[in-house]
Amino acid sequence: MPRIFYSEQQRFNQSFTLLIIVPVLAITSYQIFEIVADNTRTITNEELIGLIIAFVLTIGVGLLLYNMRLMVQIDDEKIHVRFRPFVNRTIYWTDVEQAYIIRYKPIMDYGGWGIRRRFGKIAYSVAGKDGLQLKLKDGKQILIGTQKPEEVKLLLKKRLEEA
C-alpha cells in the first residue's frame, strides 16, 4: 500500500467570494422583497422569473465557489489531484519525465486561477504563485498550485535521492 508523503488542501479566498456574492444576493433579495411587499406595483411574470433565476443562480454559484477545493496527495506511486467537484485525476510517477517547483504568473501564464488550459498546458490552482510543474513523458504539462512550495521541493529532493 502506498505511503502518503504529502497532502495539501486549498480553497479559493472565501472573503473575495463573499465580496462578490453578498452584494448580488442583497440586491436581488431586496428587489424580490420590494415586489412582494408592494401590492400596488405591477410586475410581469418574466421580470419576476428573471429575479428568481438571478437569486437562485447567485446562491448556486456561491455554494459552488464555497465548496470548491484543490486537494493534492503525493505518495511513492502517484500524485492525486482532486479539484472538487470537477477533477479527480491520478498521475503516476512512471508517467512523469520531470517534476519541479516553479514560481509562475497565474494571470499571464494561465489566465487566472482555477482549472486552466492554455497553450497545451493545464493548471490546477486556487491562489498564490507557486506550483509543482510536471512534464509528462507524453509531452503534456501540468501545473498544480501549492501554498507549501518548500515542503514539495523537499519531497521531490527526497524522491530523487531514493530513486
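Residues numbered from 1 in each chain as written. Predicted model: local features only at pLDDT ≥ 70, side-chain atom pairs only at ≥ 80, totals over all residues. Heavy atoms only, no water.

Asker: For this particular structure, what's the right way to read the overall build of the protein?
Answerer: Within the protein, the regular secondary structure consists of four helices and nine strands. In the protein, the order of α-helices and β-strands from amino to carboxyl end is β-α-α-β-β-β-β-α-β-β-β-β-α. Its C-alpha atoms give the protein a radius of gyration of 22 Å, more than 25% over the compact-globule value 15 Å for 163 residues. Considering only C-alpha atoms, the protein reaches an extent of 75 × 30 × 25 Å along its principal axes. Relative to its 163 residues, the protein shows a buried fraction of 32%. A separation of at least 24 residues holds for 54% of the contacts in the protein among residues at least 6 apart in sequence. Surface exposure of the protein reaches about 10,500 Å², of which carbon and sulfur atoms provide 59%. Looking at the protein, you have 23 positive and 17 negative side-chain charges, and the mean spots of the two groups are 4 Å apart. (Helix = DSSP H or I, 4+ residues; strand = E, 2+ residues; numbered from the N terminus. Rg over C-alpha atoms; globule rule 2.2 N^0.38 Å. Buried < 20%, exposed > 50% of the residue type's maximum accessible area, 1.4 Å probe, protein only. Contact = heavy atoms within 4.5 Å. Areas by Shrake-Rupley, 256 points an atom, 1.4 Å probe, with all protein chains shown as cover. Lys, Arg positive; Asp, Glu negative; His and termini not counted. Charge placed at Lys NZ, Arg CZ, Asp CG, Glu CD.)

Asker: In this structure, what is going on with the nonpolar core? I would like to understand it.
Answerer: Note that soluble globular proteins tend to have their nonpolar side chains buried in a common cluster. Core analysis: the largest hydrophobic core is formed by 25 residues, its most contacted members being Ile79, Tyr124, Leu132, Leu134 and Ile144. The set of elements that each furnish at least two residues to this core consists of β2 (69-75), β3 (78-84), β4 (87-92), β5 (96-103), β7 (121-125), β8 (130-136), β9 (141-145) and α4 (149-162). Setting aside residues no more than four positions away along its own chain, Tyr124 makes contact with Leu70, Val81, Phe83, Val87, Arg89, Gly114, Ile115, Ile142, Leu143, Ile144 and Gly145. (Core = buried A, V, L, I, M, F, W, Y, C linked by side-chain atoms within 4.5 Å.)

Asker: In this structure, what is going on with a negative patch on the surface? I would like to understand it.
Answerer: A contiguous patch of negative charge, built from Asp76, Glu77, Glu161 and Glu162, is present on the exposed surface. Position of Glu77 relative to the elements: it lies in the loop between β2 and β3. (Patch = residues over 30% accessible without salt bridge, like charges linked within 9 Å, V, L, I, M, F, W, Y side chains within 5 Å. Salt bridge = Lys/Arg side-chain N within 4 Å of Asp/Glu carboxyl O.)

Asker: Can you walk me through a nonpolar patch on the surface in this structure?
Answerer: Taken together, the side chains of Ile49, Ile53 and Leu57 present a nonpolar region at the surface, about 290 Å² in accessible area. Considering the arrangement of structural elements, one finds Ile49 in helix α2 (residues 45-67). With a relative accessible area of 49%, Ile49 lands in the partly exposed category.

Asker: What should I look at first to understand empty space enclosed by the protein in this one?
Answerer: Over the atoms a probe the size of a water molecule is rolled, and this reveals where empty space is left. The tally for this structure, following the rule as stated, stands at one cavity of 30 Å³ or more. Taken as a whole, the largest cavity spans an internal volume of roughly 40 Å³. Around the largest cavity, the lining residues are Tyr6, Glu8, Val72, Ile74, Leu132, Ile144, Gly145, Thr146 and Val152. Grouping the constituent residues of the lining of the largest cavity by class yields six nonpolar, two polar and one charged. (1 Å grid on protein atoms, 1.4 Å probe; cavity = no way out; pocket = protein on both sides within 12 Å on 5 of 7 lines; lining within 4 Å. Points joined across faces, edges and corners; volume = space filled by probe spheres on them. Nonpolar A, V, L, I, M, F, W, Y, C, P; charged D, E, K, R; others polar.)

Asker: Explain the pairing of strand β6 (residues 114-118) to me, please; I cannot follow it from the model alone.
Answerer: On any regular strand, side chains alternate: one points to one face of the sheet, the next to the other face. The pairing of β6 with β7 spans five bridges and is antiparallel. Each residue of the ladder has a partner; that of Arg117, found in β7, is Ile122. Linking β6 to β7, which pair antiparallel, is a turn of two residues; within it Phe119 sits at a positive phi near 50°. (Pairing = 2+ DSSP bridges.)

Asker: It is not clear to me how the packing of aromatic side chains should be interpreted in this structure. Could you clarify?
Answerer: Two descriptors summarise a pair of aromatic rings, namely the distance from one centre to the other and the angle between the planes of the rings. Within this structure, the stated rule accounts for one aromatic pair. Consider the rings of Tyr104 and Tyr110, whose centres lie 6.0 Å apart with planes at 85°: the pair is edge-to-face. Accessibility classification places Tyr104 together with Tyr110 in one group, the buried group. (Phe/Tyr/Trp six-rings, centres within 6.5 Å; stacked < 30°, edge-to-face > 60°.)

Asker: Whenever I open this one, the confidence of the model for the protein confuses me. Can you help?
Answerer: Keep in mind that low pLDDT regions are not for reading the predicted coordinates in detail. Mean pLDDT over the protein: 86, with 96% of residues reaching 70 or higher. At the low end of the mean pLDDT range in the protein sits helix α1 (residues 14-37), at 77; at the high end sits β8, at 96. (pLDDT = per-residue confidence, 0-100.)

Asker: Hey, could you run me through the pairing of β4 in this one?
Answerer: Pairing of β3 with β4 involves six bridges; the strand directions are antiparallel. Bridging across to β4, Val81 finds its partner in Arg89. The hairpin formed by β3 and β4 contains two residues between the paired strands.

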